[in-house]
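# Report on the structure
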Amino acid sequence: MCGIIGYVGKSEATPILMDGLKRLEYRGYDSAGIAVAGPEGVTIERVEGKLAGLERLLAEKPVHGTTGIGHTRWATHGRPTETNAHPHRSGDIIIVHNGIIENYIELKKFLVGEGFEFTSETDTEVICHLIAYHCRKGDTTFRALARVREELHGSYALVVMNAREQGVLYFAKRGSPLVAGGGEKENLVASDIPALLPYTRDMIFLEDGDYGLIRENGIELYGADGKRIERKPQRIPWNALMAERGGYKHFMQKEIFEQPTVMLDVLAGRIQKDRGAITLEELDFLFDGSKLVFDRVSIIACGTSYHAGLVGKYLIESLARVPASVDLASEFRYREPLIDDRTLIIPISQSGETADTLAAQVMAREHGAKVVAICNVVGSSISRAANASIYTHAGPEIGVASTKAFTAQLAALYLLALYLAEKKGMADRKTMAARIDELLTLPRLMKNVLNCADHIREIAEEISDATHVLFIGRGANYPVALEGALKLKEISYMHAEGFAAGELKHGPIALIDHGVPVVAVAPRDAMRQKVLSNIEEVRARGAAVISVMTEGDAELAERSKYTIEIPEASWCITPILTALPMQLLAYYVADHKGTDVDQPRNLAKSVTVE
Ligand code: AGP
């Protein structure tokens, strides 16, 4: 996610902005910039890449002034380039933004019609032109911002500077975080706590709809209704490292718990509820009228992303009726796969840099395949080598064990399957509306599951001394069983293995002995009864069954030593819900065993070697 900071005070703004941006580096970024109001006006300096490049630029060309804004950009719309870096400017209006503006295309068309010239590929740029537009019509900066808040759809944390106004910054918040605070003769506003810690431990956490301004001697805050409000500052007891983790013990834990919020960003701008349609404009090239330009899908990926691909197969084949295969990227290249110009390759990758996946994708393109990447990093090698990309917008994933990227990939694959089904005329409006309505409940359903964290920690501590842990599932939850085993293996170093539940009797059941934990992923769906039989098989041989089940399933509960409940949901989204207990179980076992949860031994976050 982007990092933003604003400063107004007596001190030189540049070093304060740069220090603040450094303290926000953990949020992940690929370009940076600052704007400082000095005696000669506002100077903007931006770089592609890291803050070190911006520091070198500022060392050559120092920028003086006591009011300024800064930004580290995590690209969502537009590649990580200097032109797309923030701050963005329109006349006297300079802004930095964190979030996704869903209606930027129509706003851009309007503003171009009003004579504004765009220089970047970003959604953010519409905001500075829109504020400038209202100022051009006579509004003050503050009034213009008040209007623009209502005109923007999507999420934003905004800090705005007007070159004609000394010693004041404006801000607005909806959907993306913003905190404010300061000292005697200075005030700041920033994306997160770490940037403000050197100046104050008393911080105001802005809420959606809040907007206002900071000056060196005070903060003015207004609520969604435009009335002046006061928010009581909260005292922050954390040190900087704890603050980076948002108070969580590990980045992985933070990333597990931020998944409901991430899901809002994954779905943002892609669901047309009123039309009952999915918007994936980047994929329109896949259709010639209502006809697909490809006959089959070949998904390639590694590790957790491969497990997402396995779920994707069920979704694409069942909803869009398109044949779909899934390969481990490291195997795909060497099995002489049948690829032609009627093949759609879908590489799935959080990092966008996995060498095995990139190499397989390049080979497929050489054989004429079209490529649509599902990726979390804009401008990454895999996304650049694709015809188009569906970005998962999960924000930077710091923990080596992939969590929020996985559920984001599952949601992206579901959106893709629905998009293909709808464009092929295979899903009527009523069906689409029902599926979209359920998708929009996903963040809340995920929160319900995460509320069981303490119960899952108790189970984790019970099984943390086991020699083996087996995971079983069927249908779209079979890959979730594989993912549960991978999570446990990679961060707790315990042996774990996932199976299709129907495969147990073909060999693996020999592993069952008294007390062996078996995690059964068994939500209420078409496969539940079959999984129930498999649970009986392992129980009869002494297994300690942990059932991940739909809430209220008494029949399953009677047959389980432990139960973890998920809300009732359609099979299309239960993998997103059942993935959460897999992540939490692994996390709490590893935390109990004291392994290095965020940086497990022998592993790298991005495997850029084959
Ligand atoms: C997942 O927890 C692992 N860290 C690993 O399996 C990872 O999913 C795999 O290396 C693929 O990475 P990618 O998604 O960045 O391509």
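The present account deals with the structure reproduced in this document.

Parameters and conventions
- Residues numbered from 1 in each chain as written.
- Predicted model: local features only at pLDDT ≥ 70, side-chain atom pairs only at ≥ 80, totals over all residues.
- Heavy atoms only, no water.
- Helix = DSSP H or I, 4+ residues; strand = E, 2+ residues; numbered from the N terminus.
- Rg over C-alpha atoms; globule rule 2.2 N^0.38 Å.
- Buried < 20%, exposed > 50% of the residue type's maximum accessible area, 1.4 Å probe, protein only.
- Contact = heavy atoms within 4.5 Å.
- Areas by Shrake-Rupley, 256 points an atom, 1.4 Å probe, with all protein chains shown as cover.
- Lys, Arg positive; Asp, Glu negative; His and termini not counted.
- Charge placed at Lys NZ, Arg CZ, Asp CG, Glu CD.
- Salt bridge = Lys/Arg side-chain N within 4 Å of Asp/Glu carboxyl O.
- Pairing = 2+ DSSP bridges.
- Axes fitted to C-alpha atoms, helices over the stretch in contact; angles between N-to-C directions.
- 1 Å grid on protein atoms, 1.4 Å probe; cavity = no way out; pocket = protein on both sides within 12 Å on 5 of 7 lines; lining within 4 Å.
- Points joined across faces, edges and corners; volume = space filled by probe spheres on them.
- Nonpolar A, V, L, I, M, F, W, Y, C, P; charged D, E, K, R; others polar.
- Near = heavy atom within 4 Å.
- Polar contact = N/O pair within 3.5 Å; in protein donor to acceptor, adjacent residues only side chain to side chain.
- Core = buried A, V, L, I, M, F, W, Y, C linked by side-chain atoms within 4.5 Å.
- Expected span 1.5 Å × (residues − 1).

### Description of the overall build of the chain
Counting its secondary structure elements, the chain contains 20 helices and 29 strands. A compact globule built from 610 residues would reach a C-alpha radius of gyration of about 25 Å, and the chain, at 25 Å, matches this within 12%. Over its C-alpha atoms, taken along the principal directions, the chain stretches across nearly 80 × 55 × 45 Å. With 610 residues in all, the chain has 60% of them scored as buried. Across the chain, contacts joining residues at least 24 apart in sequence account for 71% of those joining residues at least 6 apart. Carbon together with sulfur atoms contributes 49% to the accessible area of the chain, which is approximately 23200 Å² in total. Within the chain, the 80 negative side-chain charges are centred at a point lying 2 Å from the centre of the 68 positive side-chain charges.

### Let's talk about the pattern of salt bridges
All chains considered together, the criterion is met by 30 salt bridges. Residues R136 and E114 are paired through a salt bridge, measuring 3.5 Å at the closest nitrogen-oxygen approach. Remark: E114 occurs in the loop between α3 (104–113) and α4 (125–136) and R136 occurs in helix α4; sequence separation between them is 22 residues. The residue R559 makes a salt bridge to E536 at a minimum N-O spacing of 2.5 Å. Pair noted here: R559 is in the loop between α19 (554–558) and β29 (562–566) and E536 is in helix α18 (residues 528–539), with a separation of 23 residues, a long-range link. Judged by relative accessible area, which is 31%, E536 ranks as partly exposed. Because the salt bridges share partners, they merge into one network encompassing E536, R539, E558 and R559.

### Overview of the sheet that holds strand β11 (residues 202–205)
Spatial ordering of the open sheet is given by β3-β2-β4-β1-β10-β9-β11-β15, a layout of eight strands whose pairing is antiparallel. Taken across any chain shown, the strands that pair with only one partner, and hence form the sheet edges, are β3 (41–48) and β15 (234–235). This element, helix α2 (residues 51–60), spans β2 (31–38), β3 and β4 (67–73) of the sheet and lies at about 140° to β3.

### A look at the layout of surface pockets
There is about 1300 Å³ of room inside the largest pocket. Of all the secondary structure elements, the ones that give two or more residues to the lining of the largest pocket are β8 (169–174), α7 (251–257), α8 (259–267) and β16 (271–272). Tallying contributions element by element places α8 first for the lining of the largest pocket, with five residues. Partitioning the lining of the largest pocket into residue classes produces 21 nonpolar, 14 polar and 12 charged. One number sums up the size of the second largest pocket: a volume of about 920 Å³. As for the second largest pocket, its lining consists of 35 residues, and the residues nearest its centre are H77, Y104, I105, E281 and E282. When contributions to the lining of the second largest pocket are tallied by element, the ones reaching two or more residues are α3, β16, α12 (381–384) and β24 (388–391). Classifying every residue of the lining of the second largest pocket gives 12 nonpolar, 13 polar and 10 charged.

### Quick word on unusual backbone geometry
Of the consecutive residues H86 and P87, the connecting peptide bond is found in the cis state with omega at 5°. By the secondary structure assignment, P87 is in the loop between β4 and β5 (88–90). Of note in the backbone geometry, E336 takes a positive phi value of approximately 50° without being a glycine. When you line up the elements, E336 lands in the loop between α10 (329–332) and β22 (343–349). Its relative accessible area of 71% is what places E336 among the exposed residues. Residue N602 is not a glycine yet carries a positive backbone phi of 70°.

### Some details on the site of the ligand
Surrounding the ligand, one finds 14 residues, the nearest of these being S305, S349, S351, T354 and E490. At 2.7 Å, a side-chain N or O of S349 approaches an oxygen atom of the ligand. Within the backbone of S402, a nitrogen or oxygen atom sits 2.8 Å from an oxygen atom of the ligand. Relative to its unbound accessible area of 410 Å², the ligand is 90% covered by the protein chains. Looking at the shell around the ligand, the elements that each hand over two or more residues are α9 (303–320) and α17 (478–492). In terms of residue class, the shell around the ligand is built from four nonpolar, eight polar and two charged.

### Brief notes about the nonpolar core
In this structure, I278, L283, F294, V297, I316, I346 and F471 are the most contacted members of the largest nonpolar core, which totals 100 residues. Here this core takes 14 residues from helix α13 (residues 404–423), the largest share from any one element. In contact with I316, other than residues within four places in its own chain, are V297, I299, R321, V322, A324, I346, L416 and A417.

### Considering α18
Spacing of three or four residues puts side chains on the same side of an α-helix, whose turn is 3.6 residues. Helix length check: α18 (12 residues) gives 16 Å between terminal C-alpha atoms against 16 Å at 1.5 Å per residue, within 8%. Contact partners of the buried residues in α18: β25 (468–473), β27 (517–522), β28 (544–550) and α19.

### So, the side chain of S492
You can see S492 is positioned in helix α17. Here S492 falls in the buried class, since its relative accessible area comes to 2%. A polar contact is formed between the side chain of S492 and the backbone oxygen of L488, at a distance of 2.6 Å.

### Quick word on the environment of V519
Tracing the chain through its elements places V519 in strand β27. By relative accessible area, V519 is classed as buried at 1%. For the pair formed by V519 and E216, sequence separation is 303 residues and the distance between their alpha carbons is 57 Å. Once residues lying within four places of it in the same chain are set aside, the contact partners of V519 are V469, L470, F471, I472, I546, V548, M582 and L585.

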